[in-house]
Amino acid sequence: MASWSVFAADEPRLADGIRLLLQQYGPGFGYLATVRADGGPRVHPVCPVVTDGGLFCFVVDSPKRRDLERDGRYALHSFPPEDSDDEAYVAGRAEPVTDRARVELVAAIGRAAPQVDWRLFEFSVDVAMLTRRDHGGPLSPDGGRPAVQVWLDPAAGRPGVSGLPDQRPSRRGRHGFDTRRTAA
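Residues numbered from 1 in each chain as written. Predicted model: local features only at pLDDT ≥ 70, side-chain atom pairs only at ≥ 80, totals over all residues. Heavy atoms only, no water.

## Side note on the pattern of salt bridges
Rules: Any Lys or Arg side-chain nitrogen located within 4 Å of an Asp or Glu carboxyl oxygen qualifies as a salt bridge.
Applying the stated criterion across every chain yields a total of 13 salt bridges. A salt bridge links Asp38 to Arg36; its shortest N-O distance comes to 2.9 Å. Of the charged contacts, one joins Asp61 and Arg65 as a salt bridge, the two residues approaching to 3.7 Å between their closest N and O atoms. The structure contains a network of salt bridges with shared partners spanning Asp61, Arg65, Arg66, Glu69 and Arg119.

## Examining the packing of aromatic side chains
Any pair of aromatic rings gets described here by the distance separating the centres and the angle formed by the planes. Applied cut-off: When the centres of two rings from Phe, Tyr and Trp lie within 6.5 Å, Trp using its six-membered ring, the rings pair. Their planes under 30 degrees apart give stacked, over 60 give edge-to-face, and anything left gives tilted. Under the scheme used here, helices are H or I runs from DSSP no shorter than 4 residues and strands are E runs no shorter than 2 residues, and both carry numbers assigned from the N terminus. Relative accessibility thresholds used throughout: buried, under 20% of the residue-type maximum; exposed, over 50%; partly exposed, between the two (1.4 Å probe, protein chains only).
Evaluation of the coordinates by the stated rule reveals eight aromatic pairs. Consider the rings of Tyr31 and Phe79, whose centres lie 5.8 Å apart with planes at 35 degrees: the pair is tilted. With Tyr31 in strand E1 (residues 30-35) and Phe79 in the loop between strand E5 (73-78) and strand E6 (87-96), this residue pair connects regions lying 48 residues apart in the sequence. Take Tyr31: its relative accessible area is 31%, and that puts it in the partly exposed class.

## Section: the state of the cysteines
This is how the line gets drawn: In this description, a disulfide is simply a cysteine sulfur pair whose atoms lie within 2.5 Å.
Enumeration according to the criterion identifies zero disulfides in this entry. Cysteine Cys47 shares no disulfide, and the gap to the nearest cysteine sulfur, in Cys57, comes to 7.5 Å. On the basis of relative accessible area, Cys47 is assigned to the partly exposed category, the value being 48%.

Okay, structure coming up:
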């Protein structure tokens, strides 16, 4: 899975759009989905920190932290904007950050209180999606369909279903996916 910085270098406009939605209210704000011990989903509001060096989240001692420590899979969804139904989504794996200098740098950027029992996690990016909905309504030229941009980590293997060859459309663009297409 790619780091945020690798993803952002590959698709800077998509990364900027996702960052803007995550930080639309100032500090990062979104919903983090983790995997409970029984395999079920758990959703929590969080304040992600997006920097040029990565996508991070400080997580206090809680069920969500235990979820991430046990099974690092996550999905992060932006909080809905007040004036649209636009949305951003990122999914991948969370890894604890143990390098003290890096923790201190991100803590300063994210204004993390030093007296709180939190751990810093870095979120890798396997999938990134940005959905923009036309504010012109159903009479717009595209029929009011949302514009969806999707990035999939090209380094992550995605085998076909049940051993069949991969049935996805042929790869286009410098990273292998056409991120300018609209949803069908």
